[in-house]
Structure formats: C-alpha cells, structure tokens
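The residues making up each chain are set out below.
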Amino acid sequence: MIEWYNTQNESWAGRFESKIFLDDMGGNMLEVYLENSKFAGYAEKCIENLNSLPDSLIIQICVSLINSAEQDKADDSFELPKLNNAKDILNYCWFTAVYVNSPEDENVIKYVVEGEGDWGEVVGFVIENNKLVYTGVEYLENSK
C-alpha cells in the first residue's frame, strides 16, 4: 500500500493512494512520514484505517474543517460558499501528508493528516482509534 521512497534513515518517507482525500493537484497521492522505520507495519495499518474511515467519521471531519475554515482563516477575503452538505468542504481544501509517530501501543491506531484550505491556512486533523480527536491549525501539537 505504501511505496517507501526514502528509507536511508531511521525515519522514512513514502507515498500512498488516498481513497477519500485529494491532494493539492486534484489527484489522490499523499505523502506519509514515519518517525521510526521499525513501525512500517504500523504505518500500513494507519493508512489502511484512513482509507476505510466510516462515512459518519468523514462527515465529522468535514464539519470540523468547516469550523476551522470559519475560525482560522488567514485570508480575510475568503468567504466559504454555501455548502449543500458537509463533504462539499473537500472542494475547498486538499491534503498533503500523513504523519505516523512511534506508537506507545501498536493496538492504538493514531495518525495526523495535514492539508491546507482555500481560506489560506494550513489545517490538519488527528485520528485515534477511529475517533476525531482534533482539527485545526495546531494539529502537530495535538498529536502527542
């Protein structure tokens, strides 16, 4: 699933095909960064989890992205258009990377997804055991 392209150090970098989120070019290839190469199998589980998120959780992520777009916008000229449904926010943002830290417990799936919105701000969200635990600009600080 992950195509690792940088395996020269303890931390690895790779690419994978996202089944849900688009990249900055309108495609579906995202980067994945792994803090410690000995957890490559764990990273695969995280990506598998991301690609199989339940629709209810995707909607929850989208609602939280809408809130972030309204509260954290850096571009004051950006006005979020009226959305027909929560998933429409995905037309105004894109995602670039997934960060997988060394887990304290490999049975707890936890990762960070990083992106950016047309509202001019970097945004990310943290998933832990199929629960959204944070969305916003301070996603890396909230992933610990």
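Presented here is an overview of the structure given in this document. (Residues numbered from 1 in each chain as written. Predicted model: local features only at pLDDT ≥ 70, side-chain atom pairs only at ≥ 80, totals over all residues. Heavy atoms only, no water.)

Before going further, it helps to examine the packing of aromatic side chains. Each aromatic ring pair is specified by the distance between its two centres and by the angle formed by the two planes. Counting across every chain of the model gives six aromatic pairs. Plain terms: the ring middles of Phe 78 and Trp 119 are 6.2 Å apart, the flat faces sit at 50° to each other, and that makes the pair tilted. Placement of Phe 78 in the loop between helix H2 (55–71) and strand E4 (93–100) and of Trp 119 in the loop between strand E5 (110–117) and strand E6 (122–128) is noted, with a sequence separation of 41 residues between them. Relative accessible area serves as the criterion here: at 12%, Phe 78 is assigned to the buried category. Since its relative accessible area comes to 0%, Trp 119 is described here as buried. (Phe/Tyr/Trp six-rings, centres within 6.5 Å; stacked < 30°, edge-to-face > 60°. Helix = DSSP H or I, 4+ residues; strand = E, 2+ residues; numbered from the N terminus. Buried < 20%, exposed > 50% of the residue type's maximum accessible area, 1.4 Å probe, protein only.)

Another aspect to go through is the environment of Asn 129. With respect to the secondary-structure elements, Asn 129 resides in the loop between E6 and strand E7 (131–136). A C-alpha to C-alpha distance of 5.9 Å links Asn 129 and Val 108, two positions 21 residues apart in sequence. Leave out the neighbours within four places in its chain, and Asn 129 touches Asn 107, Val 108 and Ile 109. (Contact = heavy atoms within 4.5 Å.)

Glancing now at the side chain of Thr 135. As for its placement among the helices and strands, Thr 135 is situated in strand E7. When its relative accessible area of 18% is taken as the criterion, Thr 135 is described as buried. At a separation of 2.8 Å, a polar atom in the side chain of Thr 135 contacts the side chain of Ser 64. Those residues in contact with Thr 135, other than ones at most four positions away along the chain, are Ser 64, Leu 65, Val 123, Gly 124 and Phe 125. (Polar contact = N/O pair within 3.5 Å; in protein donor to acceptor, adjacent residues only side chain to side chain.)

We now examine the nonpolar core. Grouped together as the largest cluster of nonpolar side chains are 39 residues, with contacts concentrated most on Ile 61, Ile 89, Phe 95, Val 98, Val 100 and Tyr 111. Sorting the residues of this core by element identifies strand E2 (12–17), strand E3 (29–34), helix H1 (40–50), H2, E4, E5 and E6 as the ones contributing at least two each. No other element matches H2, which puts seven residues into this core. Those residues in contact with Phe 95, other than ones at most four positions away along the chain, are Phe 21, Leu 22, Asp 23, Asp 24, Leu 30, Leu 65, Leu 90, Val 113, Glu 114, Gly 115 and Phe 125. (Core = buried A, V, L, I, M, F, W, Y, C linked by side-chain atoms within 4.5 Å.)

Taken together, the four bridges between E3 and E4 define a ladder with parallel strand orientation. Counterpart to Tyr 33 in the pairing with E4 is Tyr 99. (Pairing = 2+ DSSP bridges.)

Spatially, E1-E2-E3-E4-E5-E6-E7 is the arrangement adopted by the seven strands of the open sheet, whose pairing is mixed. Either end of the sheet is taken by a strand with one partner, and the two such strands are strand E1 (3–6) and E7. In this sheet, adjacent strand axes meet at a mean angle of 25° when their direction is disregarded. Judged from the three bridges that link them, E1 and E2 form a sheet pairing that is antiparallel. Each bridged residue has a counterpart across the sheet, and for Glu 3 the counterpart in E2 is Arg 15. (Axes fitted to C-alpha atoms, helices over the stretch in contact; angles between N-to-C directions.)

Note that all results are geometric; they support no functional claim without further evidence.
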